[in-house]
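One-letter residues, chain by chain:
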Amino acid sequence: MSNWNRVFKPILVLCVICVVITGALAATNAATAPVIREATIKAQNEARNELLPEAEGAFSPVAGISVDNVDDVYAADNGAGYVITSTSKGYGGTMTVMVAFTPDSTIKQIKVTEQGETQGIGSKVAAAPSYWERYVGQPADGQLKITKDGGTIDGESGATISSRALAKAVSSAIEAYNAIP
């Protein structure tokens, strides 16, 4: 058996297969990326409307806010408040949080829009609106911490890392809120 059939031919066949698969993946990505982007924007807009219904669906992005872990800042066009999206590293991955602020500088609502926390443990914090209610009415005047760290927010038993991550994300949103001119 020649070296061509035994060594080089299988290498060439595998390289051709890799090129074809890579091309197919690139074509699939090019076809689905705009659809995914539109669905993400739609979900973000729906979440903003849910958090601050008084805005009546009219939000404008606020430019010039540069705070670590803050993705975007939106102001209600009618002055009903702001919705700020921030992130923090939880136990199971990045936690993305939207925080709605009222014009009187308090937290109206929060919502975790993306999370990868452990089911049944960290998800008690990340996926539970009943836990999020602990942030409602908190003033936007400084860092929020869980009680275990000397703060005012009761952490969820057994989910300390996730509780801290949520408090950190909300604190980043507070920092961005206070940076709005």
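Structure: see above.
Peer 1: Outline the pairing of strand β4 (residues 94-101), supporting the account with residue identities and numerical values.
Peer 2: Among the 8 residues of β4, 7 are classified as buried, and the element is accordingly described as predominantly covered. In terms of strand pairing, strand β3 (residues 82-89) meets β4 through 8 bridges, oriented antiparallel. Paired with tyrosine 82 across the strands is phenylalanine 101, a residue of β4. Counted between consecutive antiparallel strands, the loop separating β3 from β4 contains 4 residues, among which glycine 93 sits at a positive phi close to 140 degrees. Across 6 bridges, β4 lies against strand β5 (residues 107-114) in antiparallel orientation. Pairing of phenylalanine 101 across the sheet is with isoleucine 107, part of β5.

Peer 1: How would you sum up a nonpolar patch on the surface? Please name residues and give values.
Peer 2: Taken together, the side chains of Trp4, Val7, Phe8, Ile11, Leu12, Val16 and Val20 make up a nonpolar region of the molecular surface, amounting to roughly 670 Å² of accessible area. Structurally, the position occupied by tryptophan 4 is in helix α1 (residues 3-51).

Peer 1: Which residues make up the pairing of β3, and what values do they have?
Peer 2: Taking burial as the measure, the 8 residues of β3 include 6 buried ones, the bulk of the element. Judged from the 5 bridges that link them, strand β2 (residues 70-76) and β3 form a sheet pairing that is antiparallel. Bridge pairing links aspartate 72 to threonine 85 in β3. What sits between the antiparallel neighbours β2 and β3 is a turn of 5 residues, in which glycine 79 has the positive phi angle 80 degrees.

Reading the values: rules and limits
- Residues numbered from 1 in each chain as written.
- Predicted model: local features only at pLDDT ≥ 70, side-chain atom pairs only at ≥ 80, totals over all residues.
- Heavy atoms only, no water.
- Buried < 20%, exposed > 50% of the residue type's maximum accessible area, 1.4 Å probe, protein only.
- Helix = DSSP H or I, 4+ residues; strand = E, 2+ residues; numbered from the N terminus.
- Pairing = 2+ DSSP bridges.
- Patch = residues over 30% accessible without salt bridge, like charges linked within 9 Å, V, L, I, M, F, W, Y side chains within 5 Å.
- Areas by Shrake-Rupley, 256 points an atom, 1.4 Å probe, with all protein chains shown as cover.
- Salt bridge = Lys/Arg side-chain N within 4 Å of Asp/Glu carboxyl O.

Purely geometric stuff here, so don't read any function into it on its own.
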